[in-house]
Amino acid sequence: MKTDIIDAILGIDVGTSLIKANLYSLDGRHILSASQQTQLIHPQPRWAEYDMDNVWNQIKTCIRTILNRIEAARIRIIGIGVTGQGDGTWLIDGSLKPVRPAITWLDGRTAEMVLNLHKSGISKSIFAICGTSINQSNQAVHLLWLKNHEPEVLKKSFKALRAKDWIFLQLTGEVSTDISDASHTYFDIKRNIYDARILDLYEIPEFERLLPQALHPRVNSAPIKKSLAVELGLNPGTVVVSGPVDMICSALGLGITKPGQCSSILGTAGIHQVLITEPPGEPDNAGYTISHIIEGEWMRVLPPMTGTLNLQWFIKKLYGYSNTVQKKIDWETIEQKVGQVPVGSNGIMYHPFIDPAGERAPFMNPSAKAQFIGLNYHHSKEAMLRAVYEGVILSALDCYSFLPVVSDEVRLAGGGSRSELWSQMLADALGRRVRHVLEKETGTKGAMINAAVVLGIYKTYPEAVNKTVIPGEKFEPNIENHQKYKELFKIYRNTCKAMRPIWADLSNFSRKTS
């Protein structure tokens, strides 16, 4: 006897280090996964780019992997939800082909421009319109850099997209972005529309022609291209839904739908955010404000440049792990040893500014550098590693000090959430409960939820979240440790402040000698 066909939605997330595809039933149950490691290109030391065609080919590989695995099963994909990393500049020409490699949000080539925009007060004027502080990840700054250094590229360009927009174009042939990606760069945030004053402030008004239509994710959809459906083996009627940006999708996948609820994503970057009903006033000129998919709401975001990247760097350099050497990391043993080191890492402190582009939140400083403070020859490798864990948590604590958090619970996602040690550290530092959800890949889950609403399976986002998101493990704060982290946080802030002129001197010296 044949069983009924199961309808499913495919969620795709164009991550920074990993492209992920996850297939879900309509009630949110995970069915299958596929992934591809991204290949960042570094033509110069501070640059970080992608080959756009290669990214698309990796997406196709993920889709084919999923389809091959369900070939014998009675599963029908009725929709595809697409999300991806924010910021960055993915330029296409009139033939809808890449003009140059994509400039990613990790890129640091605009550091001097960003500093000048802050020193001149232009950043503050832009923040007053869009609610987002200028940083080196910002697409408008990339366009300004290209105007000065690669003007011929902009002459050939038709539109400036982001990661998910490029994949949506490849899947459907449609050129668009959505309000979440466009808002934090170009919008009058209160009216949720493009504002030409921002381009005037950047002195790039001529590039308004590059901005694609910015649609609400609820209407940013189209059927898959017929030729592609045939090539991949998908139903020609499959609907592709683009947006929102990964930060909003991850919050959806974590079950965040009410104002005051907050979430953190410990991934390559750190993302700390809260849902708000009024655009920000104070603190002025810090972080991002992103138009939310629920009308009358915004996501206030403080996103440090790096999160788990600090840990990956340390493990690779001091534990000898390499992608080319098959040495499996025994995380359980490593974290067991790290857990035996007390709060404060026996006097070591680490600043988690490992990206060459410096830091963007809660403060903007392209010259910021990672460093250990307080080392002596008695210290162990595990004490240093605990300091790395704690540095990322202290950065999170710094970000939360700028957010209007109401909830006594923080939902946590990203690769870092797989670490119980890190989860407990965050709970202790914040003095709030930290909670996981059962579905770890919250970006693809959020893309699936948005697609389910667009397809009419659920009427509202809260209804979709209630039906598809299942809360997971809880971590209650240790009050004694919380008091220790409060004291440690004061030292962290003071050392960050003291290092700023030294970071600038080091950057100037490096430019002269490199």
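This text goes with the structure placed above it.
A quick note: this is a predicted structure, and the numbers were derived from the prediction, not measured.

Help me understand the side chain of T444 in this model?
Here T444 lies in helix α15 (residues 442–454). Discounting residues that sit within four places of it in the chain, T444 has contacts with G11, I12, D13, K20, N22 and Y24.

Looking at this model, I keep getting lost on helix α12 (residues 331–339). Mind explaining?
Within the sequence span of α12, burial applies to I334, E335 and V338. The arc that holds the buried residues of α12, viewed along the axis, is 90°, so those residues lie on one side. In α12, those exposed residues whose orientation departs by more than 90 degrees from the buried face are E332 and Q336. Tucked into the core, α12 has its buried residues touching α11 (308–319), α13 (381–400) and α14 (420–430).

Looking at this structure, I do not really get the pairing of strand β15 (residues 262–266). What am I missing?
The two faces of a sheet get side chains in turn, since along a regular strand they alternate between them. Most of β15 is tucked away, with five of its five residues classed as buried. Alternating residues of β15 divide into C262, S264 and L266 and S263 and I265, and every residue in both groups is buried. Taking the residues between adjacent antiparallel strands as the criterion, β15 and strand β16 (residues 270–276) are bridged by three residues. Summarising the sheet, β15 and strand β21 (residues 409–413) pair through four bridges and their orientation is parallel.

Just to check I follow, could you spell out unusual backbone geometry for this structure?
Leave glycine aside and you will find that most residues have negative phi; peptide bonds, for their part, are mostly trans. Here the residue pair G243 and P244 is connected by a cis peptide bond, since its omega of -5° sits within 30 degrees of zero. Counting through the fold element by element, P244 comes out in the loop between β14 (239–242) and α10 (246–253). Residue P362 is bonded to the preceding A361 through a cis peptide linkage, with omega at 5°. Position of P362 relative to the elements: it lies in the loop between β19 (349–351) and β20 (371–373). We note that L96 has phi near 65°; this positive angle belongs to a residue other than glycine. When you line up the elements, L96 lands in the loop between β6 (90–92) and β7 (102–103). By relative accessible area, L96 is classed as partly exposed at 25%.

Honestly, the sheet that holds β16 in this entry has me stumped. Any pointers?
Sheet strands pair via backbone hydrogen bonds, and the direction of the pair is either parallel or antiparallel. Pairing is mixed across the open sheet formed by seven strands, whose spatial order is β17-β18-β16-β15-β21-β22-β23. Of all the strands in the sheet, just β17 (288–291) and β23 (471–475) have a single pairing partner and so form its edges. Within the sheet, the average angular offset between the axes of one strand and its neighbour, ignoring direction, is 30°.

Rules used throughout
- Residues numbered from 1 in each chain as written.
- Predicted model: local features only at pLDDT ≥ 70, side-chain atom pairs only at ≥ 80, totals over all residues.
- Heavy atoms only, no water.
- Helix = DSSP H or I, 4+ residues; strand = E, 2+ residues; numbered from the N terminus.
- Contact = heavy atoms within 4.5 Å.
- Buried < 20%, exposed > 50% of the residue type's maximum accessible area, 1.4 Å probe, protein only.
- Arc of directions from axis to C-beta.
- Pairing = 2+ DSSP bridges.
- Axes fitted to C-alpha atoms, helices over the stretch in contact; angles between N-to-C directions.

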